[in-house]
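Structural overview for review
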Amino acid sequence: LAKLKNLYPNIVPSVHIGNTRDIAKAIISHEIDVGIVEGEISNKKIYIKTLSTDQMYIVAGGKYPIYHNKEVTRIQVEQENWIVREEGSGTRDATEKLFQTLEIRPPKLMEFGSTQLIKEAVEAGLGIALLSESNAAEELRHRSIATIGVRDLKASHDVVAMTRRGGFLSAAARRLLEVVRKEY
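Note that the structure is a prediction, hence the values are computed from the model and not measured.

1. Brief notes about the packing of aromatic side chains
- Applying the stated criterion across every chain, the model contains one aromatic pair.
- Judged by centre distance (5.0 Å) and plane angle (85 degrees), the rings of Trp82 and Phe99 are edge-to-face. Of this pair, Trp82 sits in strand β4 (residues 82-85) while Phe99 sits in helix α4 (residues 90-102), and the two are 17 residues apart along the sequence. You'll find Trp82 and Phe99 in the same group, each marked buried.

Written out as structure tokens, the structure is:
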């Protein structure tokens, strides 16, 4: 947004934060013009442009028992307290795919409505979570959280821009998409 404001000072964006499903609904209902999400959506009314692919990692905070483990087994991961996003979130979808890949069903899930809350809960030692590299970069850099490896596990998800298929885009929305595509 800062880059957009620097390049186009007369554009005043309105920012809405929500999960992938809610952003898609807002686009379809003409409430918003552009959505930038981390998740998959399949709807004929929505045009999707992949901006980047973000690596995802299982993370734990310094106060959590497995924080110092560089690698754990899938059974260990299954027994941990998991902090997850709400249904409809791209991160939640990625977490559910991870559970399927590992063939696990963790019995202890705590659900939060934002990535920031999840990071804070992980830092406080409440459990582990699956977070994208871009969302956890600062905390990883400061070592308030650490990645936990599971042998041969690779997880990622796409960051995408969404618009209404065949819909009119204002000049401001087109400029936003130009800036976002260059940044990603």
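2. Digging into unusual backbone geometry
- At Glu103, a position not held by glycine, the phi torsion is positive, near 55 degrees.
- Within the secondary structure layout, Glu103 lies in the loop between α4 and β5 (109-112).
- Of note in the backbone geometry, Arg143 takes a positive phi value of approximately 60 degrees without being a glycine.
- Counting through the fold element by element, Arg143 comes out in the loop between α6 (133-141) and β7 (145-150).
- For Arg143, a relative accessible area of 66% corresponds to the exposed category.

3. What to know about helix α2 (residues 20-28)
- Along α2, the positions that sit buried rather than exposed are Thr20, Ile23, Ala24, Ala26 and Ile27. Buried positions in α2, seen along its axis, are confined to an arc of 160 degrees and lie on one side of it.
- Elements that come into contact with the buried residues of α2 comprise β1 (35-38), β2 (46-61), α4 and β8 (155-164).
- Put simply, Asn19 is the residue that caps the front of α2, since its side-chain oxygen is 3.1 Å from the backbone nitrogen of Arg21.

4. Regarding the nonpolar core
- Core analysis: the largest hydrophobic core is formed by 19 residues, its most contacted members being Ile58, Val77, Trp82, Ile128 and Leu130.
- Sorting the residues of this core by element identifies β2, β4, α4, β6 (128-132) and β7 as the ones contributing at least two each.
- At four residues, α4 tops the list of elements feeding residues into this core.
- For Trp82, the residues in contact, after removing those within four places along its chain, are Ile58, Val77, Thr95, Leu98, Phe99, Pro106, Lys108, Leu109, Met110, Ile128, Ala129 and Leu130.

5. A word on the packing of helix α5 (residues 115-123) against α6
- As a packed pair, α5 and α6 sit with axes 11 Å apart at the nearest point and diverge in direction by 35 degrees. Between α5 and α6 lies a crossing of right-handed hand. On α6, the residues touching Thr115, Lys119 and Glu123 of α5 are Asn135, Ala136 and Glu139.
- Considering only residue class, the contact of α5 with α6 consists of one nonpolar, two polar and three charged.

6. Some details on the layout of surface pockets
- Volume-wise, the largest pocket comes out at about 1,300 Å³.
- Put simply, the parts of the chain that give the lining of the largest pocket at least two residues each are α1 (2-7), α2, β1, β2, α4, α5, α6 and α7 (171-183).
- When residues in the lining of the largest pocket are grouped by element, the largest group, six residues, is from α7.
- Looking at side-chain class alone, the lining of the largest pocket contains 19 nonpolar, 17 polar and eight charged residues.
- Looking at the second largest pocket, its volume works out to about 250 Å³.
- Contributing to the lining of the second largest pocket are 15 residues, with Glu40, Ala94, Lys97, Ser156 and His157 lying nearest its centre.
- With six residues, α4 is the single largest residue contributor to the lining of the second largest pocket.
- Along the lines of polarity and charge, the residues of the lining of the second largest pocket split into five nonpolar, five polar and five charged.

Cut-offs used in this document
- Residues numbered from 1 in each chain as written.
- Predicted model: local features only at pLDDT ≥ 70, side-chain atom pairs only at ≥ 80, totals over all residues.
- Heavy atoms only, no water.
- Phe/Tyr/Trp six-rings, centres within 6.5 Å; stacked < 30°, edge-to-face > 60°.
- Helix = DSSP H or I, 4+ residues; strand = E, 2+ residues; numbered from the N terminus.
- Buried < 20%, exposed > 50% of the residue type's maximum accessible area, 1.4 Å probe, protein only.
- Arc of directions from axis to C-beta.
- Contact = heavy atoms within 4.5 Å.
- Polar contact = N/O pair within 3.5 Å; in protein donor to acceptor, adjacent residues only side chain to side chain.
- Core = buried A, V, L, I, M, F, W, Y, C linked by side-chain atoms within 4.5 Å.
- Axes fitted to C-alpha atoms, helices over the stretch in contact; angles between N-to-C directions.
- Left-handed = near helix turned anticlockwise from the far one by under 90°.
- Nonpolar A, V, L, I, M, F, W, Y, C, P; charged D, E, K, R; others polar.
- 1 Å grid on protein atoms, 1.4 Å probe; cavity = no way out; pocket = protein on both sides within 12 Å on 5 of 7 lines; lining within 4 Å.
- Points joined across faces, edges and corners; volume = space filled by probe spheres on them.

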